[in-house]
Structure formats: C-alpha cells, structure tokens
Amino acid sequence: MNYGQIRKYDIANGPGIRTSIFVTGCSLNCKNCFNKEYQDPNFGEKWTDETTKEIIDYLLKDEVAGLTILGGEPFESAKDLTTIVIDIKNKIDKPIWIYSGYTFEKLIENSTYKKLLEVVEVLVDGPFIEEKKDLKLKFRGSANQRIIDVKESLANNSIILLNGY
C-alpha cells in the first residue's frame, strides 16, 4: 500500500486535532476530485512498519483526538489498512474515521471491506458530487455524503448517523 501524505495535525477531517493518512489508489474518478494525483496506486511512498510506528507516536500525543484515513480510496487498500488499523488499535484507544467514495451499503457487501469497517468508528461515505457541493457542511464536501456511526450501524443492521452531524 502507498500513501500520498501524513498530516500529524489536521483539523479539517474530523472533530478536534487529528492525525490523517492519505492513501493512494482510487478507481472512482469523481468529477473535480480534490486529490486527483492520489488516484494512482503507485503514487507516494510505500507503507512500512516504521510508518505505523510514526502514526502511533502522533496518536500518543494528548492533543490528538484520533486518526482519519482518506485517499485516494481507502477501501481499495482494505486488506493492508485492516492490519494497520488493528496494529494501531492494539496500542491506542482513540476514534478512527475513514472516508470512502462508496456507500456503507456497498461496502458491507464485500467481506474484505466489511472487515475494515469493523475496526473503525466513523465512516464518511459516498462520492463527492459537484452538483451537491456545500461548503457549509462539516467534514464532507457534498450533501449526499453521510457521517455514519459504524459500530451502531453494524449492530442495528441499518444506517445510524453520528450524533451531531
């Protein structure tokens, strides 16, 4: 798996100060994608065990509220990310948000994608749609995207939006 960047401190992609990972590789090709260069799965640097340790070090800081995973399309690296997230969760107890151009309903149909969902707390789902762009929305770019409480949604077998969003 490759990543395009890591932000030690990010305030744009979830509540509080977060550490964010931007993985590369995305076949969705959404119109006016804000990370076009990250669509190439070969772009960026290879993820290593050292990269995981770096993320854990950032997350150990009291001022960091959690981790956010974006892309690219994170679920196109679901197998690698599941292992990485489990490694992180074994050392850190902070919420993990993940963004996807796929909907929750589509993700749970795929067993590999569902395994990744099972180890995160929040999913921001749905493709960016230029015609539904709304700059007033918190932590999402277009009105079709949802901020989903993954644990509650999986437990209730229906979409449960995260409180406050």
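Coordinates for the structure precede this section.
Everything numeric here is computed off the predicted structure, so don't read it as measured data. Position labels on residues start from 1 in each chain and follow its written sequence. Where local features are concerned, this predicted model is filtered to residues with pLDDT of at least 70; where side-chain atom pairs are given and counted, the filter is 80 or more; whole-chain, interface and lining totals use all residues. As a rule here, side-chain values come from all non-hydrogen atoms in the structure, and water together with hydrogens is ignored.

Chemist: An account of the packing of aromatic side chains is requested, with residue identities and associated values reported.
Modeler: Geometry of aromatic contacts follows a simple scheme: Phe, Tyr and Trp rings, the Trp one being its six-membered ring, pair when their centres are within 6.5 Å, and the pair is stacked under 30 degrees between planes, edge-to-face over 60, tilted otherwise. Counting across every chain of the model gives eight aromatic pairs. Measuring from centroid to centroid gives 5.4 Å for Tyr3 and Trp47, while their planes differ by 80 degrees, and the two rings are edge-to-face. Note that Tyr3 is positioned in strand S1 (residues 2–10) and Trp47 in the loop between strand S3 (45–46) and helix H1 (49–59), a separation of 44 residues in sequence. Of the two residues examined, Tyr3 and Trp47, each falls in the buried class. With a centroid separation of 5.6 Å and 85 degrees between ring planes, the pair formed by Trp97 and Phe139 is classed as edge-to-face. Taken as a pair, Trp97 in strand S5 (residues 96–99) and Phe139 in the loop between strand S6 (122–125) and strand S7 (146–149) lie far apart in primary sequence, 42 residues in all. Buried residues are those whose accessible area, probed at 1.4 Å on protein chains only, stays under 20% of the maximum for their type, while exposed residues exceed 50% and partly exposed ones sit between those limits. Its relative accessible area of 2% is what places Trp97 among the buried residues. Strands here mean DSSP runs of E at least two residues long; helices mean DSSP runs of H or I at least four residues long; both are numbered from the N terminus.

Chemist: Could you give me a rundown of the packing of H1 against helix H2 (residues 78–89), with the residues and numbers involved?
Modeler: The description of two packed helices rests on the angle between their axes and on the distance between the axes. Axis lines are fitted through C-alpha atoms, for helices just across the contact stretch, and the angle between N-to-C directions can take any value from 0 to 180 degrees. Between H1 and H2, the least distance of the axes is 10 Å, while the angle of their chain directions is 40 degrees. As judged from the angle between their axes, H1 and H2 are oblique. In this structure, H1 crosses over H2, and the sense of that crossing is right-handed. Taking contact as the criterion, the partners of Thr52, Ile55, Ile56 and Leu59 in H1 are, on H2, Ile84, Asp87 and Ile88. Roughly parallel covers angles under 35 degrees, roughly antiparallel covers those over 145, roughly perpendicular covers 65 to 115, and oblique covers all other angles. By convention the crossing between two helices is left-handed if the near helix lies anticlockwise of the far one by an angle smaller than a right angle, and right-handed if it lies clockwise. In this description, contact between two residues means that some pair of their heavy atoms is separated by no more than 4.5 Å.

Chemist: Now, about the environment of Pro127: what can you tell me, with residues and values included?
Modeler: Locating Pro127 in the fold gives a position in the loop between S6 and S7. Residue classification places Pro127 among the partly exposed positions, given a relative accessible area of 28%. Separated by 82 residues in the primary sequence, Pro127 and Glu45 place their C-alpha atoms 25 Å from one another. Setting aside residues up to four positions removed in sequence, Pro127 forms contacts with Cys30, Gly101, Ser142, Asn144 and Gln145.

Chemist: Got a sec to walk through the sheet that holds S1? Specific residues and values, please.
Modeler: At least two bridges found by DSSP between two strands is the condition for calling them paired. The strand order across the open sheet formed by seven strands is S3-S1-S2-S4-S5-S6-S7, and the pairing between neighbours is mixed. In the strand order of this sheet, the two ends are held by S3 and S7, each with one partner. Helix-sheet contacts for H2 involve strand S2 (17–23), strand S4 (64–70) and S5, and the interaxial angle to S4 is about 175 degrees.

Chemist: So what about H2? Which residues, and what values?
Modeler: In this model H2 runs 16 Å from its N-terminal to its C-terminal C-alpha over twelve residues, within 8% of the 16 Å that 1.5 Å per residue would give. Buried residues of H2: Ala78, Leu81, Thr82, Ile84, Val85 and Ile88, and no others. On its buried side, H2 packs onto S2, H1, S4, S5 and helix H4 (111–117). A helix is expected to reach a length of 1.5 Å times the quantity of its residues less one.

Chemist: Help me get a handle on the pattern of salt bridges, residues and values and all.
Modeler: For this analysis, a salt bridge means a side-chain nitrogen from Lys or Arg found within 4 Å of a carboxyl oxygen belonging to Asp or Glu. Using the criterion set out here, one finds six salt bridges in the structure. Between Asp10 and Arg7 there is a salt bridge, with its nearest N and O atoms 3.6 Å apart. Asp10 gets classed as buried once you look at its relative accessible area, which sits at 3%. Each of Glu105, Asp125 and Arg146 takes part in one network of salt bridges that share partners.

Chemist: Which residues make up the environment of Lys8, and what values go with them?
Modeler: When you line up the elements, Lys8 lands in strand S1. For Lys8, a relative accessible area of 31% corresponds to the partly exposed category. As for Lys8 and Tyr58, which are separated by 50 residues in sequence, their C-alpha atoms are 6.3 Å apart. In this structure Lys8 touches Arg18, Thr19, Tyr58, Lys61 and Val64, once residues within four positions along its chain are discounted.

None of this, on its own, says anything about what the molecule does.
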